Amino acid sequence: MALTPASHRPARPSPVLPVLAVVALLALPVAPGDEGGAGPADALSALVVLFCAVRLLRARRRPLTRAAALILGLPVAGLALAALHAVAPGAGITGLGRYLQVFVLVPAAVVLLVRGRADFRLLTWSVVALAGWQGTVGVHQYVTGTGASYQGQDIRAVGTFGATDVMGMATVVSFGLVCSVGLALGRSTERERAFAACCALALAVPLALSFSRGAWIATAVTVTVQLILAGLRRALKAGAAVLAVGVVLVGGFGVGTTMLQERFDSITQVTDAPDQSVTDRYTMWTAAIDMWRERPLAGVGLKGFPEHRDGHASLALSSGSDIAGAGAAYRRQPLLSPHNMYLLVLGEQGLTGLLCLAGSWLALLACGLRGLWRARAAGGRGLDCALIACGLLVWQLVDFAYADIGGPSTVLTAVCFGLVAWWALVGADRAVSGGVSTVPAARERVAEGAAL
């Protein structure tokens, strides 16, 4: 009986490569005069969404389960209502596009383009690599005095994002650190876990030099949660190692130790002796709450906070924040948001918008945690993906109490929401079933990347 030679089909490029390109574009420097408009990574993210839509049309199959579509599409209801109440039609369209990009379209595209845990880890390592690059630039800025201005010295690490987006590098580095911790606590090879742990410890340096209190708090909470979810024994061992290395790293900062200590101490002085930045934040929080009380259901409309701010803020609000260093000349940057995502949504979209957005996030968290427990019960298969996804979402939910969306780094937030959604809505089922998805066969074929 003649044996027919086995056909070897050439390996097809992963459909997740366009998403990797979006992450890579965030390594490019931002022009000093750029105030947070759409950049190259945002433009490419739109092409990624279009690419995903074309693949779905050619496949002619249902891309998501009803539950997944409901969870990902829930924010649309509140956004559409708030867009109708915008101050100007142009502002409503711009705001609607930004929110859909970050919380609906890009995350959905990531869910549909990631074929499995290998693609998930590839995206995760790309985030770690981006964080390493931005962190390296930030440390260089601190050492050479070429960073953003902080207390009269150009030492604040901001990476390639410049002085206009001082939270950009801190956000990217935090995402990389959270991903590294998840990889280190997973069930991969010992060498990979050791390398991921080294990456996490190294990223702690630029995170400290960012002088971002909100990022510090969110990262500390998230890493603690990841350690606890990985197991109490591993949490105690890892916590002791991190504490020991942290003491060594802080001791090696030299001159920066005093400034870091003052910045850290200021976290506990937000009520007793708040600095002007904290006072401004409290004032804008109060203004956002007053906007909500004025229009409790629909809010003042998308992009409406700057227009209504002065009518609700007290005289304690300053004219803006100082911007200087990192290639930018000194100027005052107006305060156009409350630096609290929940209050921004509440003020601009009302209770309807907040319930839709927060409901989507909490549903993803519940599904992600359920998948994590199931993965642990199944022998730890996919545990690293679970810890990364849950960690990224926890970090974002905590950080949203001190920050909101805006700036070039926001597109990375959208990609991370996509990673969270993939694990919560697709990946957990595959991990537990040993790689065989429990969702409908049509969804499985699309997610596995049918070639164009």
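Look above for the structure.
Rules behind the numbers
Residues numbered from 1 in each chain as written. Predicted model: local features only at pLDDT ≥ 70, side-chain atom pairs only at ≥ 80, totals over all residues. Heavy atoms only, no water. Pairing = 2+ DSSP bridges. Helix = DSSP H or I, 4+ residues; strand = E, 2+ residues; numbered from the N terminus. Patch = residues over 30% accessible without salt bridge, like charges linked within 9 Å, V, L, I, M, F, W, Y side chains within 5 Å. Areas by Shrake-Rupley, 256 points an atom, 1.4 Å probe, with all protein chains shown as cover. Salt bridge = Lys/Arg side-chain N within 4 Å of Asp/Glu carboxyl O. Buried < 20%, exposed > 50% of the residue type's maximum accessible area, 1.4 Å probe, protein only. Arc of directions from axis to C-beta. Contact = heavy atoms within 4.5 Å. Core = buried A, V, L, I, M, F, W, Y, C linked by side-chain atoms within 4.5 Å. Axes fitted to C-alpha atoms, helices over the stretch in contact; angles between N-to-C directions. Parallel < 35°, antiparallel > 145°, perpendicular 65-115°, else oblique. Left-handed = near helix turned anticlockwise from the far one by under 90°. Nonpolar A, V, L, I, M, F, W, Y, C, P; charged D, E, K, R; others polar.

Caption draft 1: Seen up close, the pairing of strand E2 (residues 153-156). Where strand E1 (residues 148-150) and E2 come together, 3 bridges link them in antiparallel fashion. Each bridged residue has a counterpart across the sheet, and for Tyr150 the counterpart in E2 is Gln153. Taken together, E1 and the strand that follows it, E2, pair antiparallel across an intervening segment of 2 residues, in which Gln151 is found at a positive phi of about 55°.

Caption draft 2: Up close: a nonpolar patch on the surface. Taken together, the side chains of Leu47, Leu50 and Val54 define a hydrophobic patch exposed on the protein surface, amounting to about 270 Å² of accessible area. Mapped onto the fold, Val54 is located in helix H2 (residues 40-59).

Caption draft 3: Broad picture of the pattern of salt bridges. For the structure on display, the rule yields 5 salt bridges. Across the pair Arg98 and Asp42 runs a salt bridge whose closest N-O atoms are separated by 2.9 Å. Pair noted here: Arg98 is in helix H5 (residues 89-113) and Asp42 is in helix H2, with a separation of 56 residues, a long-range link.

Caption draft 4: The arrangement of helix H13 (residues 305-312) in detail. Of the positions making up H13, those classed as buried are Phe305, His308, Arg309 and His312. Along H13, the residues classed as buried sweep out an arc of 130° about the axis, all on the same side. Residues of H13 that are exposed and angled more than 90 degrees away from the buried face: Glu307, Asp310 and Gly311. Contacts from the buried residues of H13 go to helix H12 (276-294) and helix H14 (341-377).

Caption draft 5: Expanded view of the nonpolar core. Grouped together as the largest cluster of nonpolar side chains are 124 residues, with contacts concentrated most on Tyr99, Phe103, Met341, Leu392, Leu412 and Leu425. Among the elements that make up this core, the one with the highest residue count is helix H16 (residues 410-432) (15 residues). Aside from chain neighbours lying at most four places away, what touches Met341 is Tyr99, Phe103, Trp361, Phe400, Ala403, Asp404 and Ile405. Ranked by size, the runner-up nonpolar core spans 5 residues in total, among them Ala148, Val158, Ala163 and Ala328.

Caption draft 6: Summary view of the side chain of Ser409. Relative to the helices and strands, Ser409 is located in the loop between helix H15 (383-399) and H16. With relative accessibility at 5%, the residue Ser409 sits in the buried group. Residues within four places of Ser409 in sequence aside, it is in contact with Phe161, Asp165, Gly168 and Val172.

Caption draft 7: Layout of the side chain of Thr413. Counting through the fold element by element, Thr413 comes out in helix H16. Here Thr413 is in contact with Val102, Phe175 and Gln396, once residues within four sequence places are set aside.

Caption draft 8: Main features of the pairing of strand E4 (residues 328-333). The sheet contact formed by strand E3 (residues 321-325) and E4 spans 4 bridges and is antiparallel. Each bridged residue has a counterpart across the sheet, and for Ser321 the counterpart in E4 is Gln333. Turn length for the E3-E4 hairpin, with the two strands adjacent in sequence and antiparallel, is 2 residues, and the turn residue Ala326 shows positive phi of about 55°.

Caption draft 9: Main features of the packing of helix H7 (residues 166-184) against H15. The interhelical angle for the contact between H7 and H15, taken along N-to-C directions, is 150°, at an axis separation of 8 Å. One finds that H7 runs roughly antiparallel with respect to H15. In this structure, H7 meets H15 at a crossing whose hand is right-handed. Between H7 and H15, the residues in contact are Met167, Thr171, Ser174, Phe175, Val178, Cys179, Gly182 and Leu183 and Asp384, Leu387, Ile388, Gly391, Leu392, Trp395, Gln396 and Asp399, respectively. Within the contact of H7 with H15, the residues separate by chemical class into 9 nonpolar, 5 polar and 2 charged.

By themselves these figures say nothing about function.
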